[in-house]
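# Fold and geometry: a report
Next come the chains, spelled out residue by residue.
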Amino acid sequence: MSNNAQTPPSGGRGAATLFDKIWDAHVVSTVENGPTQLYIDRHFCHEVTSPQAFNGLRTRGLKVFRPEQTTMTADHNTPTIDQDQPVKDPVSRHQLDTFAKNATEFNMPLFYPLGHTNNGVVHIIGPENGFTQPGMTIVCGDSHTSTHGAFGTIAFGIGTSEVEMVLATQCILQTRPKTMRIIFNGKLGEGVTAKDLALYMISKLTTGGATGFFVEYAGEAIRNMSMEERMTVCNLSIEMGARGGMIAPDETTFAYVKGREFAPKGEEWNKKLAYWKTLKTDEGAKFDKELVFDAAEIQPMITYGTNPGMGIGIKEAIPTLNSIDEAGRISFQKSLDYMGFQAGEKLEGKEIDYVFIGSCTNGRIEDFRVFANYVKGKKKADNVTAWLVPGSWKVEKQIREEGLYDILTEAGFKLRQPGCSACLAMNDDKVPAGKYAVSTSNRNFEGRQGPGARTILAGPLVAAAAAVTGKITDPRA
């Protein structure tokens, strides 16, 4: 079974959602009142969640069933400077060495170690190399696999034991999730990015508001987005508890995929394109839940607490204690204590210490274009340490070719090498305790960017404004 399986939508049940069409085309078998055996088209793999999976295969004497359908890239433990030198941190070095050893031993043809031109953050190198295609089922041992849903795929994160299952069988056991559609009517305002839309949505739904659902994003604001903006929105689906997020493919999608290294070519392209054009929710298809938002109401967003649902517009104040449901007040206050903020205060104008642009959420070329365009002709604030980390070597190359590197250098910024970097404290890029970091990544949990680090999630435009002013600043000002 493949992503081109031409089974009737929803097994012939009539009007079907986009999710129904892709899921039903990949069902191998079902257990009554139990899980579905789902065929997986593309498996992405990194060094953190794969060692035990490969070891499990080794212990049981199994081979990888379809090695050409697994793409391996080193990203989480990678340093973002001196990648041509031996990795200094012993834990990271061991993880990366084990990853390389497993790729060799199991004859994995799509292995991209440090320095490889196709290397980078797993959810960035998948789309940019043409591995991610509409209609696919995609998994990875990583929470933010939902990024690939921007192409009209069913993409979700899995655990290490499931990584082993996919390596051994190219299938996975899954319970069919419920479906939700979130519609964004109208247009986003000037200076408002896809990241702001996503943080706004999570602030409305909270971190558990989409638990158990697979979400389809729709509406004018979504259709107007580039593929990279759509990836940012789908990337953050997990942060409101969703199993994944997806957007129906359209001409924007097809134009992005066409011509990439692993995209279909010639007659195969024509065949796939004809199928991809059927991948949309039918008129009258039913969702388990639907929500509608007005895109014009969204302003640049920042977070003030220790989960991505604790977000406010940059002009707004942190909620007062009385406005919080009684059951949540203790955790709300604990979160503010960790961040060093007060209920009811505004954060605009507050001094910050670090700025991070990068990660699978905002480490693409368009994010660096936005950042560079804002800082052009300005200077980095003296009190700010800025980490500018491209999501892949291809992004790094584009930054140089487009002249963005010169703009950034002139403004006092230094470009680092690709990796997950300060998104999570698994490498050398850690924010010190008590310091504030305006970060374009996806999680602001306690200690996420380093023990005691205080993370303020934002989009690339808000991050750029903070980097040159040294404080939380409305980029529209």
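Preceding this section is the structure that the text describes.
### Points about the overall build of the chain
- Helix and strand counts for the chain come out as 16 helices and 18 strands.
- For the chain, whose C-alpha radius of gyration is 22 Å, the value lies close to the compact-globule estimate of 23 Å for 477 residues.
- Taken over the C-alpha atoms alone, the chain extends approximately 55 × 55 × 45 Å along its principal axes.
- Put simply, the chain has 477 residues, and 60% of those count as buried.
- In the chain, the proportion of contacts linking residues at least 24 apart, taken out of those at least 6 apart, comes to 76%.

### Comments concerning the pattern of salt bridges
- With the rule as written, the count across this model stands at 20 salt bridges.
- Notably, a salt bridge pairs Glu401 with Lys397, separated by 2.8 Å at the nearest N-O pair. Within this pair, Glu401 and its partner Lys397 are both found in helix α14 (residues 393-401), separated by four residues, close to a single helical turn.
- Several salt bridges converge on common partners, so that one network encompasses Lys315, Glu348, Asp474 and Arg476.

### Some points on the sheet that holds strand β16 (residues 385-388)
- Sheet architecture is open: four strands sit in the order β16-β15-β17-β18, paired in parallel fashion. Edge positions in the open sheet fall to β16 and β18 (454-457), since each of these has one partner strand only. Neighbouring strand axes in the sheet, compared pairwise and without regard to direction, differ in orientation by 20° on average.
- Relative to β18, strand β17 (residues 436-439) is paired through four bridges, and the arrangement is parallel. Considered in β18, the bridge of Ala437 is made with Thr455.
- Seen against the sheet, helix α16 (residues 460-469) touches β15 (354-357) and β17 and runs at an angle of roughly 145° to β15.

### Remarks on the environment of Val355
- Checked against the element boundaries, Val355 lands in strand β15.
- Expressed as a C-alpha distance, the spacing of Val355 and Val431, which sit 76 residues apart in the sequence, is 9.7 Å.
- Not counting residues within four places of it along the chain, the set of residues in contact with Val355 comprises Phe371, Val384, Thr385, Ala386, Trp387, Val438, Ala463, Ala466 and Ala467.

### Examining unusual backbone geometry
- Of note, the phi angle at Asn107 is positive, near 55°, even though the residue is not glycine.
- Assignment of secondary structure puts Asn107 in the loop between α3 (90-105) and β5 (111-112).
- By relative accessible area, Asn107 is classed as exposed at 61%.
- One non-glycine residue, Thr206, adopts positive backbone phi at about 70°.
- Here Thr206 lies in the loop between α6 (194-205) and β10 (213-218).

### Quick look at the nonpolar core
- Formed by 75 residues in total, the largest nonpolar core has its most connected members in Ile182, Phe184, Tyr217 and Met240.
- If near-sequence neighbours (up to four positions away) are discounted, Phe184 is found in contact with Leu197, Met201, Tyr217, Ala218, Gly219, Glu220, Ala221, Ile222, Phe293 and Ile298.
- Cys360, Ile365, Ala464 and Ala467 belong to the second largest nonpolar core, which has 60 residues in total.

### With respect to the pairing of strand β9 (residues 178-185)
- In terms of residue burial, β9 counts as a mostly covered element, since six of its eight residues are buried.
- Where β9 meets β10, six bridges bridge the pair, whose relative direction is parallel. Counterpart to Ile183 in the pairing with β10 is Ala218.
- By the bridge criterion, six bridges tie β9 to strand β12 (residues 289-294) in an arrangement that is parallel. In the strand pairing of β12, Ile183 is matched with Val292.

### Considerations on the sheet that holds strand β2 (residues 36-39)
- Read across the open sheet, the three strands follow the order β1-β2-β8; overall the sheet is antiparallel. Looking at which strands have only one partner, the edges of the open sheet turn out to be β1 (27-30) and β8 (171-174). Ignoring strand direction, the axes of neighbouring strands in this sheet form an average angle of 25°.
- As paired elements, β1 and β2 share three bridges and run antiparallel to each other. From the neighbouring strand, Val27 faces β2, where its bridge partner is Leu38.

### Some points on the packing of aromatic side chains
- Tallied over the entire structure, the rule returns 16 aromatic pairs.
- The interplanar angle of 75° and the centroid separation of 5.5 Å between the aromatic rings of Phe99 and Phe111 together place this pair among those described as edge-to-face. Of this pair, Phe99 sits in helix α3 while Phe111 sits in strand β5; the two residues are twelve residues apart in sequence, bridging distant segments of the chain.
- Centre to centre, the rings of Phe151 and Tyr256 are 5.4 Å apart; their planes meet at 65°, and the pair counts as edge-to-face. With Phe151 in the loop between β6 (137-140) and β7 (154-157) and Tyr256 in helix α9 (residues 251-257), this residue pair connects regions lying 105 residues apart in the sequence.
- Look at Tyr256 and you get buried, because its relative accessible area is 15%.
- Every member of this aromatic cluster is reached through a ring pair, and the members are Phe44, Tyr112, Phe131 and Phe262.
- Sitting over the ring of Tyr405, Arg400 keeps its end group 4.1 Å from the ring centre.

### Considering the packing of helix α13 (residues 365-375) against α14
- The N-to-C vectors of α13 and α14 enclose an angle of 35°; their axes lie 9 Å apart at closest approach. As for how α13 packs across α14, the hand of that crossing is right-handed. Seen from α13, the contacting residues are Ile365, Phe368 and Arg369; seen from α14, they are Val395, Gln398 and Ile399.
- Of the residues that constitute the contact of α13 with α14, the class distribution is four nonpolar, one polar and one charged.

### Looking at the side chain of His76
- Along the polypeptide, His76 turns up in the loop between β4 (70-73) and α3.
- Here the side chain of His76 touches Asp75 through a polar contact of 2.6 Å, side chain to side chain.
- In this structure, His76 is in contact with His46, Glu47, Val48, Asp142, Cys420, Leu424, Met426 and Asn427, ignoring residues within four places of it in sequence.

About the cut-offs
Residues numbered from 1 in each chain as written. Predicted model: local features only at pLDDT ≥ 70, side-chain atom pairs only at ≥ 80, totals over all residues. Heavy atoms only, no water. Helix = DSSP H or I, 4+ residues; strand = E, 2+ residues; numbered from the N terminus. Rg over C-alpha atoms; globule rule 2.2 N^0.38 Å. Buried < 20%, exposed > 50% of the residue type's maximum accessible area, 1.4 Å probe, protein only. Contact = heavy atoms within 4.5 Å. Salt bridge = Lys/Arg side-chain N within 4 Å of Asp/Glu carboxyl O. Pairing = 2+ DSSP bridges. Axes fitted to C-alpha atoms, helices over the stretch in contact; angles between N-to-C directions. Core = buried A, V, L, I, M, F, W, Y, C linked by side-chain atoms within 4.5 Å. Phe/Tyr/Trp six-rings, centres within 6.5 Å; stacked < 30°, edge-to-face > 60°. Lys NZ or Arg CZ within 6 Å of the ring centre and 35° of its normal. Left-handed = near helix turned anticlockwise from the far one by under 90°. Nonpolar A, V, L, I, M, F, W, Y, C, P; charged D, E, K, R; others polar. Polar contact = N/O pair within 3.5 Å; in protein donor to acceptor, adjacent residues only side chain to side chain.

Interpretation in functional terms is not warranted from these geometric data alone.
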